[in-house]
Amino acid sequence: MVGPYRGLFNGPGVKGFVLAGFIGRMPMSMLGIGIVLLISALTGSYATAGAVAATTNVAFAIAAPLSARLVDRFGQSRVIIPLASVNALALAALMLSARFGLPEWTLYVTGLLVGATSLSLGSMVRARWSTLYGGSARMHTAFSFESVADEVIFVTGPAIVTVLATAVNPYAGLLVALLCMLGGSFALALQRRTQPPVQPVRSTSGTPILIPGIALLACVYVALGAVFGSVDLITVAFAEEEGVKGAAGFLLASFAGGSMVSGLWFGSRNWRIPLRGRFVRALGVFVVGLVPISFIGDAWIMAVGLFVAGLAISPTLITGFSLTERLVPPSLLTEGLAWISTSIGFGVAVGAWAGGALTEAFGASSAYGFSVVCAALAAVVGVGGSGLLRLPEAPSPAET
């Protein structure tokens, strides 16, 4: 399983941008649960906590494609540094608003600013891989590695922020997220040698979301994002209901751990099934894997259930990013990849809001039903519209 990954990091500057991108996007798994833990601790309301987290994610969903377009036009370095600086100030303002008990609307305003200035570093790192290995058989392995890296982040991030917020200080998790964002973003911005070349402005370039296949993928990933957002919040509440709130990070790590394991396996295989076929199969497996968690009433059994449910995440994300890489023109690559991230972010916002409301109304176990319904919706849309994902006949490393 390790064999295909050997030699992947021998390219010029690869280790540097991989490490910087990994550290810089740690907050993507820390912000949501960090905000939920902080605000729920201060207000006692999961609905308010979920709503603020949702505001942050909606703002990110709207702004990410715009910042990605700026990256395609002006280069990563010129965009990352100012946005990362403003993002750090916005997150500090959010924590200060909570600390000093300012009016509730300040939480929403600062949360909106945090989301609007958040960077889609995963898209930027994948664009660097495409610049380095585009047209080679290593692209599939590189995208698979990035999916695994994302899941490592989702395994460690929630656990770190939960331990810090519950055992040290409610603000500690978000402070660590802020430092990771600044350090990783600035380190990536300074590595100019591996960044994709700046594309000239063309008035006829359009936007990737107008490509039918990308629009379909965006719809699927909104529904999948709702699964991720709702599972995150509901699992925190589930752990509290079971009297083991400190284990919430471990439960979420189990969910991401299943995805990490499957991602390593998935990226090591030389697939003969076309990308489109792999994509719809992964969606079906995800639905089936999620169903049992609605019927589990024990925290440790839930950890196993979430691990099994997570096994289909990486294959779904890997094939989605690979399909996007094939469907968009090179001049819109970063923006195209960002649309996948932004769709997930928008779904996470909906899921966090709905998960919080349903948890307060019906309890955590019942609220998991919403996650299952969203996964089923993603599968129905993906399978029903799979004809839009037909790829050009020319061979591509992403389809090998």
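Refer to the structure presented above.
Anyway, here's the lowdown on the structure attached to this text. Note that the structure is a prediction, hence the values are computed from the model and not measured. Each chain has its residues counted from 1, following the order in which its sequence is written. Where totals are concerned, whole chains, interfaces and linings use all residues; where local detail is concerned, this predicted model gives features only for residues with pLDDT of at least 70, and gives and counts side-chain atom pairs only at 80 or more. Hydrogens and water molecules were not included; the side-chain quantities draw on all heavy atoms of the structure.

### Observations regarding the overall build of the protein
- In DSSP terms, a helix is any run of H or I states spanning at least four residues, a strand is any run of E spanning at least two, and both are numbered starting from the N terminus. When its secondary structure is counted, the protein shows 15 helices and zero strands.
- Each radius of gyration reported is based on C-alpha atoms, and the globular scaling rule is 2.2 Å times the count of residues to the power 0.38. The globule rule puts the C-alpha radius of gyration for 400 residues at 21 Å, and the 20 Å found for the protein is close to it.
- In terms of its C-alpha atoms, the protein occupies a principal-axis envelope of roughly 55 × 45 × 40 Å.
- Exposure is judged per residue with a 1.4 Å probe applied to protein chains only, and the accessible area is read against the type maximum: over 50% gives exposed, under 20% gives buried, and values in between give partly exposed. Residue burial in the protein is summarised as follows: out of 400 residues, 60% are buried.
- Whether two residues touch is decided by their heavy atoms; if any such pair falls within 4.5 Å, the residues are in contact. By sequence separation, contacts in the protein at least 24 residues apart represent 86% of the contacts at least 6 residues apart.
- Total accessible area on the protein is roughly 15,200 Å²; 70% of this is exposed by carbon and sulfur atoms.
- Charge assignment in this entry is limited to Lys and Arg as positive and Asp and Glu as negative, and neither His nor the chain termini are counted. Charge placement uses NZ in Lys and CZ in Arg. For Asp and Glu, CG and CD serve respectively. Charge-centre separation for the protein: the mean point of 21 positive side chains lies 16 Å from the mean point of 15 negative side chains. Where accessible areas are quoted, they stem from the Shrake-Rupley method and a 1.4 Å probe; at the residue level, only the protein chains shown are allowed to cover.

### Remarks on a negative patch on the surface
- Here the term patch refers to residues with relative accessible area over 30% and no salt bridge, with like charges joined within 9 Å and nonpolar side chains (Val, Leu, Ile, Met, Phe, Trp, Tyr) within 5 Å. We define a salt bridge as a side-chain nitrogen of Lys or Arg found within 4 Å of a carboxyl oxygen belonging to Asp or Glu. A cluster of acidic residues, Glu240, Glu241, Glu242 and Asp298, forms a negative patch at the surface.
- Structurally, glutamate 242 can be placed in the loop between α9 (212-241) and α10 (248-268).

### Comments concerning a nonpolar patch on the surface
- A surface patch of nonpolar side chains, amounting to about 380 Å² of accessible area, comprises Val261, Val304, Phe307, Val308 and Leu311.
- Per element, the largest residue contribution to the nonpolar patch is three residues, and it comes from helix α12 (residues 299-309).

### Observations concerning the packing of helix α1 (residues 14-24) against helix α8 (residues 172-189)
- Note on geometry: axes are C-alpha line fits, over the in-contact stretch for helices, and angles between N-to-C directions span 0 to 180 degrees. Running from N to C, α1 and α8 point in directions that differ by 155 degrees, and their axes come no closer than 7 Å. By the angle between their axes, α1 is roughly antiparallel relative to α8. The two elements α1 and α8 meet at a crossing, and its hand is left-handed. Judged by residue contacts, Phe17, Ala20, Ile23 and Gly24 of α1 engage Cys180, Met181, Gly184, Ser185, Ala187 and Leu188 from α8. Roughly parallel here means an angle under 35 degrees, roughly antiparallel means over 145, roughly perpendicular means 65 to 115, and every remaining angle is called oblique. Take the far helix as your reference; a near helix turned counterclockwise from it by less than a right angle gives a left-handed crossing, and one turned clockwise gives a right-handed crossing.

### Brief notes about the packing of aromatic side chains
- Each Phe, Tyr or Trp ring (for Trp, its six-membered ring) is paired with any other whose centre lies within 6.5 Å, and the angle between the two planes then decides the class: stacked below 30 degrees, edge-to-face above 60, tilted in between. Enumeration over the complete set of coordinates arrives at eight aromatic pairs.
- Between the aromatic rings of phenylalanine 9 and tryptophan 129, the centroid separation amounts to 6.2 Å while the plane-to-plane angle is 65 degrees, which identifies the pairing as edge-to-face. With phenylalanine 9 in the segment before α1 and tryptophan 129 in helix α6 (residues 121-133), this residue pair connects regions lying 120 residues apart in the sequence.
- Overall, the relative accessible area of 0% leaves tryptophan 129 in the buried class.
- Residues phenylalanine 17 and tryptophan 129 carry aromatic rings whose centres are separated by 5.3 Å and whose planes lie at 75 degrees to one another, so their mutual orientation is edge-to-face. Here tryptophan 129 lies in helix α6 and phenylalanine 17 lies in helix α1, a separation of 112 residues in the sequence. The burial state of phenylalanine 17 is the same as that of tryptophan 129; both residues are buried.
- Counting every residue linked through ring pairs, the aromatic cluster contains Phe9, Phe17, Trp129 and Phe145.

### What to know about the environment of leucine 37
- Mapped onto the elements, leucine 37 comes out in helix α2 (residues 27-43).
- Between the C-alpha atoms of leucine 37 and valine 161, which are 124 residues apart in sequence, the distance is 8.9 Å.
- When near neighbours in sequence (up to four residues on either side) are disregarded, leucine 37 contacts Val161, Thr162, Ala165, Val236 and Lys245.

### With respect to the nonpolar core
- Definition used in this section: a nonpolar core is a set of buried Ala, Val, Leu, Ile, Met, Phe, Trp, Tyr and Cys residues joined via side-chain atoms within 4.5 Å. In terms of nonpolar packing, the biggest core is built from 109 residues, with Trp129, Leu217, Phe228, Phe255, Phe286 and Leu290 touching the most fellow members.
- Considering every element that reaches this core, the biggest residue donor is α9, with 17 residues.

### Focus on the pattern of salt bridges
- Inspection of the entire model under this criterion finds four salt bridges.
- Glutamate 146 is the partner of arginine 25 in a salt bridge, and the nearest nitrogen-oxygen pair spans 2.4 Å. Of this pair, arginine 25 sits in the loop between α1 and α2 while glutamate 146 sits in helix α7 (residues 138-168); the two residues are 121 residues apart in sequence, bridging distant segments of the chain. Glutamate 146 matches arginine 25 in its accessibility class, with the two residues each being buried.
- For arginine 25, the salt bridge identified is with aspartate 150, shortest N-O distance 2.8 Å. Taken as a pair, arginine 25 in the loop between α1 and α2 and aspartate 150 in helix α7 lie far apart in primary sequence, 125 residues in all.
- Taking relative accessible area as the criterion, arginine 25 reaches 5% and is therefore assigned buried.

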